[in-house]
Amino acid sequence: MQIYTEDGDMIRINKKKFLFMALVLILSGILIGQGLVQAKSDTYDELKAFTQALELIKRNYVEDPNAREIIQGAIRGMVSSLDPHSSFMAERAYKEMDMDIRGEFQGVGIQIGLKNSQLTVIAPIEDTPADRAGLAAADKILKINDEWTKDMTIEEAVDRMRGPKGTPVRLLIHREGWEKPREFKIIRDVIKVQSVKARMLDSEIGYIKITQFQGLTGAEMEKALKKLMDTGMKQLVLDLRNDPGGLLDSSVDVSSMFLPKDKLVVYLQGRNASERKDYLSTGSTLYREYPVVVLVNAGSASASEIVAGALQDSKRAVIVGTQTFGKGSVQTVFPLEGGTGLRLTTAKYYTPSGRSIQNVGITPDIEVKLPTVKEPKDGEAVHVVVREKDLDRHLKNESSKDEKKKERSSGEELMMEMVPKEDKDDIQLQKAIEILKSGNIFKNIPLVGKKEK
């Protein structure tokens, strides 16, 4: 049996041993969920209770139960007590995992999460059926076709919204300010997420936007850089705003283009202190001398935070924008019987200086906030500010002394940032250009960050 982890490693493990480990994991989840610390012998008592319950259902339930659905439901329930990034993967979701890595799948094109136990749109992917239909960040998804989403997991929702190109799916949506929900009928399509977009801002400053870290992001980034260099690029703005992350290896590849060989990019730390794993830069003398300014915001998560943290700690780039999302955990995907899978949070990652950004995020060197509104007007594009600390069951950051006061209260309203339509209106981008044109990009950058209005 092979287990593929998110960072590309492959572990071979005996099938019987894996099943035993899975059983132990199930039992451990039950014990943790109940907040109990029990002796090893008590574990078998819990297993006995589980099998008794399963047998009672099989014998006495009013209808003939489907044992497969019961077991999968039990696994879903167990994983739902963990952090928001751990999940059970149904057959189609597990099968399409490689498509996600390639940046291509068939569906509607939205990123979703749970906010106050309600299925919520994090952001529609640009130029997809969901985006063209008018779905927006913070929209609440009440129904998918004829199924209410209450108690529906993220993976279940994804599985129902994905499907063959050309087929319809109906979403019942409620948006803040609407008197009643509205139904959107969306025709599924092949969603191709372009990982890297590049252009010149002027004769010397290049601009690269990474929308998501996929399997080929490193190669696409290298191609884009070469093209910009041929055009005369001498300085770079790297835009990681609203980049939800992706593959760890890709973030290391991108960071390596601006760092000397064998410099620490990020390290992972599992439950035990002995489980540390370092990721070093491969080095690229062709690119690392260019001045770089990195743009980030609350939508910059996971892999994009790894890049920002690595370049910030090494004093290789100036970080401009607002506090990032704060997803400092790594997920490993384990195969299960029947073509399903388990996505499990197995480690936290740390920047080269040892910072955990879990639930805290990366603080920019220069904070530049976009204008915010309470209610957008017709035609205005907004981005709802949602961070890791706003998600249900988020992991804590043990190294952050002031984490509690950084968490949003349950009654606090979500902010909506205006999304600039033109470069001239993008004050974060304009600040990046100003810094690059100043000569020494690190001039007057305080250690704790400088705020700009």
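Structure's up top.
Just so it is clear, the structure is predicted and the values come from calculations on it, not from any experiment.

Trainee: Looking at this structure, I do not really get the overall build of the protein. What am I missing?
Mentor: For the protein, the helix and strand inventory stands at twelve helices and 25 strands. Burial analysis of the protein (453 residues in total) assigns 47% to the buried set. Sequence-distant contacts in the protein: of pairs separated by 6 or more residues, those separated by 24 or more amount to 69%.

Trainee: Mind showing me how you'd approach the nonpolar core here?
Mentor: What tends to happen in soluble globular proteins is that the nonpolar side chains get buried as a cluster. I208, I210, M221, L238, F258 and V294 are the most contacted members of the largest nonpolar core, which has 39 residues in total. Counting only elements with at least two residues in this core, the list comes to strand 13 (205-210), helix 8 (217-231), strand 14 (235-239), helix 9 (248-256), strand 15 (264-269), strand 17 (292-296), helix 10 (303-313) and strand 20 (341-350). Considering each element in turn, this core owes the most residues, six residues, to helix 10. Counting 20 residues, the second largest nonpolar core, distinct from the first, contains I112, A157, W178 and I186.

Trainee: I tried to follow the environment of V193 on my own but got confused; where do I start?
Mentor: By the element assignment, V193 lies in the loop between strand 11 (189-192) and strand 12 (196-200). Note on V193: relative accessible area 13%, which makes it buried. Here the alpha-carbon distance between V193 and T128, two residues 65 residues apart in the chain, equals 9.1 Å. Filtering out sequence-adjacent residues up to four positions away, V193 remains in contact with G103, I125, T211, Q212 and Q214.

Trainee: Please clarify how the packing of aromatic side chains should be interpreted in this entry.
Mentor: Aromatic ring pairs are defined here through the distance separating the ring centres and the angle between the ring planes. Applying the stated criterion across every chain yields a total of two aromatic pairs. With 6.3 Å between their ring centres and 15° between their planes, W178 and F184 make a pair best called stacked. Like W178, the residue F184 is buried in the burial classification. Ring centres of Y267 and Y350 lie 5.2 Å apart, and the angle between their planes is 10°; on these two criteria the pair is classed as stacked. On the criterion of sequence distance, the pair formed by Y267 in strand 15 and Y350 in strand 20 is long-range, its members being 83 residues apart.

Trainee: Honestly, helix 9 in this entry has me stumped. Any pointers?
Mentor: One turn of an α-helix holds 3.6 residues; hence residues three or four places apart share an orientation. Counted residue by residue, helix 9 has seven buried out of nine residues, so it is predominantly covered. Within the sequence span of helix 9, burial applies to L248, S250, S251, V252, V254, S255 and S256. Check the buried side of helix 9 and you find it contacts strand 13, helix 8, strand 15, strand 16 (277-280) and helix 10.

Trainee: What should I look at first to understand the pairing of strand 13 in this one?
Mentor: Consecutive side chains along a regular strand alternate between the two faces of the sheet. A large share of strand 13 lies buried, amounting to six of its six residues. Neither face of strand 13 is left uncovered, since the one carrying I205, Y207 and K209 and the one carrying G206, I208 and I210 both have all their residues buried. Looking at chain direction, strand 12 and strand 13 are connected through five bridges and run antiparallel. Paired with M200 across the two strands is G206, which belongs to strand 13.

Trainee: Just checking my understanding: could you explain unusual backbone geometry for this structure?
Mentor: Glycine aside, the phi torsion of most residues is negative, and most peptide linkages are trans. With a phi angle near 70°, D151 is a residue other than glycine that sits in the positive phi range. Tracing the backbone through its elements, the reader meets D151 in the loop between strand 8 (147-148) and helix 7 (154-161). Residues other than glycine seldom take positive phi values, yet N359 does so here, at roughly 70°. The residue N359 is located in the loop between strand 20 and strand 21 (366-368) in this model.

Trainee: Help me understand the packing of helix 9 against helix 10 in this model?
Mentor: The relative placement of two packed helices is expressed as an angle between their axes plus a distance between the axes. It is the contact of helix 9 with helix 10, at a shortest axis distance of 9 Å, that shows an interaxial angle of 30°. With respect to helix 10, the element helix 9 is oriented roughly parallel. The interaxial crossing formed by helix 9 with helix 10 has right-handed handedness. Judged by residue contacts, L248, S251, V254 and S255 of helix 9 engage A303, I306, V307, A310 and L311 from helix 10. Residue classes in the contact of helix 9 with helix 10 are distributed as seven nonpolar, two polar and no charged.

Trainee: Any chance you could explain the side chain of D239 here in plain terms?
Mentor: With respect to the helices and strands, the residue D239 is situated in strand 14. Among the polar contacts made by the side chain of D239, one reaches the side chain of Y207 at a distance of 2.5 Å. Excluding anything up to four places from it in sequence, D239 contacts Y207, I208, K209, I210 and L295.

Cut-offs applied
Residues numbered from 1 in each chain as written. Predicted model: local features only at pLDDT ≥ 70, side-chain atom pairs only at ≥ 80, totals over all residues. Heavy atoms only, no water. Helix = DSSP H or I, 4+ residues; strand = E, 2+ residues; numbered from the N terminus. Buried < 20%, exposed > 50% of the residue type's maximum accessible area, 1.4 Å probe, protein only. Contact = heavy atoms within 4.5 Å. Core = buried A, V, L, I, M, F, W, Y, C linked by side-chain atoms within 4.5 Å. Phe/Tyr/Trp six-rings, centres within 6.5 Å; stacked < 30°, edge-to-face > 60°. Pairing = 2+ DSSP bridges. Axes fitted to C-alpha atoms, helices over the stretch in contact; angles between N-to-C directions. Parallel < 35°, antiparallel > 145°, perpendicular 65-115°, else oblique. Left-handed = near helix turned anticlockwise from the far one by under 90°. Nonpolar A, V, L, I, M, F, W, Y, C, P; charged D, E, K, R; others polar. Polar contact = N/O pair within 3.5 Å; in protein donor to acceptor, adjacent residues only side chain to side chain.

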